[in-house]
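So you can see what is in the structure, the chains are spelled out below.
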Amino acid sequence: MCFLLKCMCYMHFLGGRRRKTQTETFIPICCCFVFCRRPPKLRQISWLLFVFFSSDIEISRAQSPKAVDVLAKEIGLLTDEIEIYGQTKAKVRLSLLERLKDQPDGKYVLVAGITPTPLGEGKSTVTIGLVQALTAHLKINSFACLRQPSQGPTFGVKGGAAGGGYAQVIPMEEFNLHLTGDIHAITAANNLLAAAIDARILHENTQSDKALYNRLVPVVKGVRGFSSIQLARLRRLGINKTDPETLTEEEISRFVRLDIDPSTITWQRVVDTNDRFLRKITIGQANTEKGFVRQAQFDIAVASEIMAILALTTSLEDMKERLGKIVVANDKKGEPVTAEDLGVTGALAVLMKDAIKPTLMQTLEGTPVFVHAGPFANIAHGNSSILADKIALKLVGEKGFVVTEAGFGADIGMEKFFNIKCRASGLVPSVVVLVATVRALKMHGGGPSVSAGAPLKKEYTEENLQLVADGCCNLQKQIQIAQLFGVPVVVALNVFKTDSPAEVDLVCKIAKQSGAFDAVPCNHWSDGGRGAVKLAQAVEKAANQKSSFKYLYSLELPIAEKIKTIAQKVYGAQDIELSPAAQSQIDRYTRQGFGKLPICMAKTHLSLSHQPEKKGVPTGFILPISDVRASIGAGFIYPLVGTMSTMPGLPTRPCFYDIDLDPVTEEVKGLF
């Protein structure tokens, strides 16, 4: 045993310092035991010890990533199509789409999951393990497309989102922290728009029409002229004049006054930190704001509509148009006020001009990954960007695969992927990979509650076939939800060391009986791509099935009917209940011409119902809709189910207690 410990220390020494050549495939560090004259059993034990006693960040650092320019060349990118950020990240320019416009798309695979539990299901590890299996082991072109993680969960309770074990994106600390600054750009753009709203109200409240006009259209070097965005506003008002000196007093008044009703402002400031004390604030208390005080709030940055726009846009021109359509409030006549009305569209586009480009990274086994956009799935649509998917589909070619992930359970992220993202992109998915774990199914079957950091109870560590069978109702329901869209389902069962063979076999058997094309146990966390080869083979077969993809509802249906369709067919609700405020908003949005937009439900991810504690498959419940809001730029209506917060809070013991920086090596510690 002493020899084994010495060898483990030596492995760490080698792993942190040995640099692989760019063409060398990934070799687990424990493979150094292949060369020592020890029995095979000892080599196996050493491998398991390293896997189970090394943190994700230690495993990540043990593999030296290939230089990003080398990776870019391998996947067919030209030198002028990438903008390099350091050694391991690069932005990819959208001009690539024009160059590859005649290239056939590859197969499109979505990874979703059962209803989440605190035990975790591992969708990100499945996504990474699957592409590692496809490319590094089956030699099939593939690309993973992931969301950029928010720093809220990274420093809060969930941790990072790079995958884990031997199925993760590297360098994981760069993936989980600032990356290339996209979320910071979104924060800046969002808060510029918020500042513009309050400043405009202040100036309109304290100045005459003439004073406003003179400041909005100033004389510069003896010449007064409208900016292009001001000319566009004049045209929307029906004022077809280009000379500022020719406007009548009535036209000047209409031009300079937005008359925003402060009580209708829906645009909030954002910050990428879990800060519960910003959920309700008072702004404008300084004397310089001249008594203009109102209640407001902060949302977490990834809940910003600008994040949703980034994820759903198809070009720079489309993004600019969407930014201009953002509705921030109503005027005192009940008409929508937009970012375009405030004159800030061009500035927002400037702040977002680099963020629109997907970021190229790699897996532990050197396969390519796009990281782009990061909307939450419970308070937004929960999917990475259309642009990343479209570029990846061209790069992999007709026989390749693009694997992307939808947030939380299939009832949340997958439903929005199909009904919102696929409508915007025009892309048709080939396969759904539905992720489950034995221990999460046990919780859905009535297992005891779990507390973060506390040891698991015996129900989760010992064989209990009845608990597994009872919990498979949630897996069956999620398979049925995927079948509503006509897409074949492959169940990926993430295997843990506490799972018994009988439990694994039972889950796979029930999944197949419930309509899954196949169900496959996966060991990619401990074995990398090799542990997901059977999953990759099943996905390849399923992708060759004839697709009968369809949307869940027609956009022509009234807003309330679309909400009811999702509630009944996806969640299993008996009916919905609209609050007076929700009904009023539905009536307003319908009157304003927004009634034909898709629906993005803001609902707890912890249950199919609105009650987080209700596991399994709740039935017979009435889904309460407390409010309805609109993200017109992003292109959807979002009902709020029950009491949904758009700003998470920190737990008693956040992740940041374990995160540190070595001042000598500059290495980050404690991320997971």
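Within an unreviewed UniProt entry, the label attached to the protein chain reads formate--tetrahydrofolate ligase, and the organism entered is Phasianus colchicus. Check the Pathway (unreviewed entry) section of the UniProt entry for the protein chain; it says "One-carbon metabolism; tetrahydrofolate interconversion." The heading Subunit (unreviewed entry) in the UniProt record of the protein chain holds the text "Homodimer."

Undergrad: Got a minute to help me understand the layout of surface pockets in this structure?
TA: One simple way to see leftover space: roll a probe sized like a water molecule over the atoms. Approximately 850 Å³ is the volume found for the second largest pocket. Lining the second largest pocket are 37 residues, and of these Ile265, Thr266, Trp267, Gln268 and Arg629 sit closest to its centre. Of all the secondary structure elements, the ones that give two or more residues to the lining of the second largest pocket are strand E11 (294–296), helix H13 (305–312), strand E13 (327–330), helix H25 (580–591), strand E22 (622–631) and strand E23 (636–641). A per-class count over the lining of the second largest pocket returns 15 nonpolar, 14 polar and eight charged. Taken domain by domain, the makeup of the lining of the second largest pocket includes at least three residues from each of domain 2 (183–352) and domain 3 (559–640).

Undergrad: Would you take a moment to explain the nonpolar core for this structure?
TA: The nonpolar side chains of a soluble globular protein tend to be buried, and buried together. Counting residues in hydrophobic clusters, the biggest one holds 84 residues, and the most contacted among them are Leu360, Phe370, Met414, Phe418, Leu475 and Leu623. Here this core spans two domains, since at least three of its residues come from each of domain 1 (56–180 + 355–544) and domain 3 (559–640). The contact partners of Phe418, leaving out residues within four places of it in the chain, are Leu110, Arg423, Pro429, Val432, Phe485, Val487, Phe549 and Tyr551. Grouped together as the second largest cluster of nonpolar side chains are 58 residues, Ala194, Trp267, Val270 and Met307 included.

Undergrad: I tried to follow the pattern of salt bridges on my own but got confused; where do I start?
TA: Oppositely charged side chains can form a pair if their charged atoms are brought close together. Under the criterion given, the structure shown has 31 salt bridges. Measuring nitrogen to oxygen at the nearest pair gives 3.2 Å for the salt bridge that ties Lys394 to Asp105. Residue Lys394 is found in helix H16 (residues 386–396), and its partner Asp105 is found in the loop between helix H5 (95–99) and strand E3 (107–113); the two are separated by 289 residues along the sequence. Owing to a relative accessible area of 14%, Lys394 belongs among the buried residues under this scheme.

Undergrad: When you look at the domain arrangement of the protein chain in this model, what are you seeing that I'm missing?
TA: Here the protein chain is partitioned into domain 1 (56–180 + 355–544), domain 2 (183–352) and domain 3 (559–640). When each unit is reduced to the centre of its C-alpha atoms, the spacing between domain 1 and domain 2 is 38 Å. Taking both partners together, domain 1 and domain 2 bury about 1700 Å²; carbon and sulfur atoms supply 69% of that area. Three residues, Ala355, Ile356 and His381, lead the burial of domain 1 against domain 2; their summed loss comes to 25% of the area buried on that side. At the junction of domain 1 with domain 2, the criterion picks out zero salt bridges. Our enumeration of links across domain 1 and domain 2 arrives at seven residue pairs in polar contact (both at pLDDT 80 or more). Split by residue class, the side of domain 1 that touches domain 2 holds 13 nonpolar, twelve polar and two charged.

Undergrad: What should I look at first to understand the pairing of strand E17 (residues 401–405) in this one?
TA: Every regular strand shows the same layout, with side chains that alternate between the two sheet faces. Among the five residues in E17, five count as buried, and that is most of the element. Because side chains alternate across E17, one face comprises the buried residues Phe401, Val403 and Glu405, and the other comprises Val402 and Thr404, equally buried. Summarising the sheet, E3 and E17 pair through five bridges and their orientation is parallel. Bridge pairing links Val111 to Glu405 in E17. When strand E4 (residues 142–146) meets E17, the two strands line up parallel, connected through four bridges. Paired with Phe143 across the strands is Val402, a residue of E17.

Undergrad: Quick question: what am I supposed to make of the pairing of E13 here?
TA: Sheet topology note: the E13/strand E14 (residues 336–338) ladder contains three bridges and is antiparallel. The residue of E14 that forms the bridge with Asn330 is Pro336. Between E13 and E14, which pair antiparallel and follow one another directly, the connecting turn spans five residues, one of which, Gly334, has a positive phi of 90°.

Undergrad: Even after reading the chapter, I still don't get a nonpolar patch on the surface, so can you show me in this structure?
TA: A cluster of nonpolar side chains, contributed by Leu650, Phe656 and Tyr657, occupies part of the molecular surface with about 290 Å² of accessible area. Along the chain, Phe656 turns up in the loop between E23 and strand E24 (660–661).

Undergrad: I would appreciate a short explanation of the environment of Ser526 in the present structure.
TA: Of note, Ser526 is situated in helix H22 (residues 524–527). We classify Ser526 as buried; its relative accessible area is 16%. In sequence terms Ser526 and Lys497 are 29 residues apart; their C-alpha atoms lie 10.0 Å from each other.

Undergrad: What exactly am I supposed to notice about the packing of helix H20 (residues 465–483) against helix H21 (residues 501–513) here?
TA: Think of two packed helices as two axes; the pair is described by the angle between the axes and how far apart they sit. Look at H20 against H21: their axes get within 10 Å of each other, and the N-to-C directions meet at 30°. Considering the relative orientation of H20 and H21, their crossing is right-handed. Side by side, H20 and H21 meet where Leu465, Val468, Ala469, Cys472, Leu475, Gln476 and Ile479 of the first sit next to Ala502, Glu503, Leu506, Val507, Ile510 and Ala511 of the second. When grouped by side-chain class, the residues that make up the contact of H20 with H21 number eleven nonpolar, one polar and one charged.

Undergrad: For this particular structure, what's the right way to read empty space enclosed by the protein?
TA: Overall, the coordinates contain one cavity of 30 Å³ or more when judged by the stated rule. Taken as a whole, the largest cavity holds about 30 Å³ of empty space. Lining the largest cavity are Gln148, Gln151, Leu177, His178, Gly181, Ile183, His184 and Asp272. A breakdown of the residues in the lining of the largest cavity according to their chemical character gives two nonpolar, five polar and one charged. Composition of the lining of the largest cavity by domain shows at least three residues from each of domain 1 (56–180 + 355–544) and domain 2 (183–352).

Undergrad: Honestly, helix H15 (residues 345–352) in this entry has me stumped. Any pointers?
TA: At 3.6 residues per turn, the α-helix brings residues three or four places apart onto the same side. Along H15, the positions that sit buried rather than exposed are Thr345, Leu348, Ala349 and Met352. The buried residues of H15 all sit within an arc of 100° when viewed along its axis, so they share a single face. Contact partners of the buried residues in H15: helix H9 (182–206), helix H11 (228–236), H13 and helix H14 (316–325).

Undergrad: Just checking my understanding: could you explain the packing of helix H17 (residues 410–425) against H20 for this structure?
TA: With their axes 10 Å apart at the nearest point, H17 and H20 run at an angle of 10° to one another. By the criterion of interaxial angle, the relationship of H17 to H20 is roughly parallel. Residue-level contacts link Ala410, Asp411 and Met414 of H17 to Gln478, Ile481 and Ala482 of H20.

Undergrad: What am I meant to see in the side chain of Asn274 here?
TA: Within the element layout of this structure, Asn274 appears in the loop between strand E9 (269–271) and strand E10 (281–283). Of note is the side chain of Asn274, whose polar atom sits 3.3 Å from the backbone oxygen of Gly152. Beyond its immediate sequence surroundings of up to four residues, Asn274 is in contact with Gly152, Pro153, Gly156, Ile300, Met647, Pro648, Gly649 and Leu650.

Undergrad: I keep staring at the confidence of the model for the protein chain and nothing clicks. Help me out?
TA: Regions with low pLDDT should not have their predicted coordinates read in detail. Of the residues in the protein chain, 91% have a pLDDT of 70 or more, and the chain-wide mean is 90. A low-confidence stretch, residues 1–47 stays under pLDDT 50, and its non-local contacts, those more than four residues away or across chains, total 49 contacts.

Undergrad: When you look at the side chain of Thr367 in this model, what are you seeing that I'm missing?
TA: Inspection of the secondary structure assignment puts Thr367 in the loop between strand E15 (359–363) and strand E16 (368–371). Residue classification places Thr367 among the buried residues on the basis of a relative accessible area of 3%. A polar contact of 2.7 Å, which involves the side chain of Thr367, links it to the side chain of Thr363. Residue contacts for Thr367: discarding those within four places in its chain leaves Val131, Gln132, Thr135, Ala136, Met361 and Gln362.

So, how was this worked out
Residues numbered from 1 in each chain as written. Predicted model: local features only at pLDDT ≥ 70, side-chain atom pairs only at ≥ 80, totals over all residues. Heavy atoms only, no water. UniProt positions renumbered as here; feature names shortened; annotations may be inferred. 1 Å grid on protein atoms, 1.4 Å probe; cavity = no way out; pocket = protein on both sides within 12 Å on 5 of 7 lines; lining within 4 Å. Points joined across faces, edges and corners; volume = space filled by probe spheres on them. Helix = DSSP H or I, 4+ residues; strand = E, 2+ residues; numbered from the N terminus. Nonpolar A, V, L, I, M, F, W, Y, C, P; charged D, E, K, R; others polar. Domains from an automatic or database assignment. Core = buried A, V, L, I, M, F, W, Y, C linked by side-chain atoms within 4.5 Å. Buried < 20%, exposed > 50% of the residue type's maximum accessible area, 1.4 Å probe, protein only. Contact = heavy atoms within 4.5 Å. Salt bridge = Lys/Arg side-chain N within 4 Å of Asp/Glu carboxyl O. Buried area = accessible area lost by both parts, 1.4 Å probe. Polar contact = N/O pair within 3.5 Å; in protein donor to acceptor, adjacent residues only side chain to side chain. Pairing = 2+ DSSP bridges. Patch = residues over 30% accessible without salt bridge, like charges linked within 9 Å, V, L, I, M, F, W, Y side chains within 5 Å. Areas by Shrake-Rupley, 256 points an atom, 1.4 Å probe, with all protein chains shown as cover. Axes fitted to C-alpha atoms, helices over the stretch in contact; angles between N-to-C directions. Left-handed = near helix turned anticlockwise from the far one by under 90°. Arc of directions from axis to C-beta. Parallel < 35°, antiparallel > 145°, perpendicular 65-115°, else oblique. pLDDT = per-residue confidence, 0-100.

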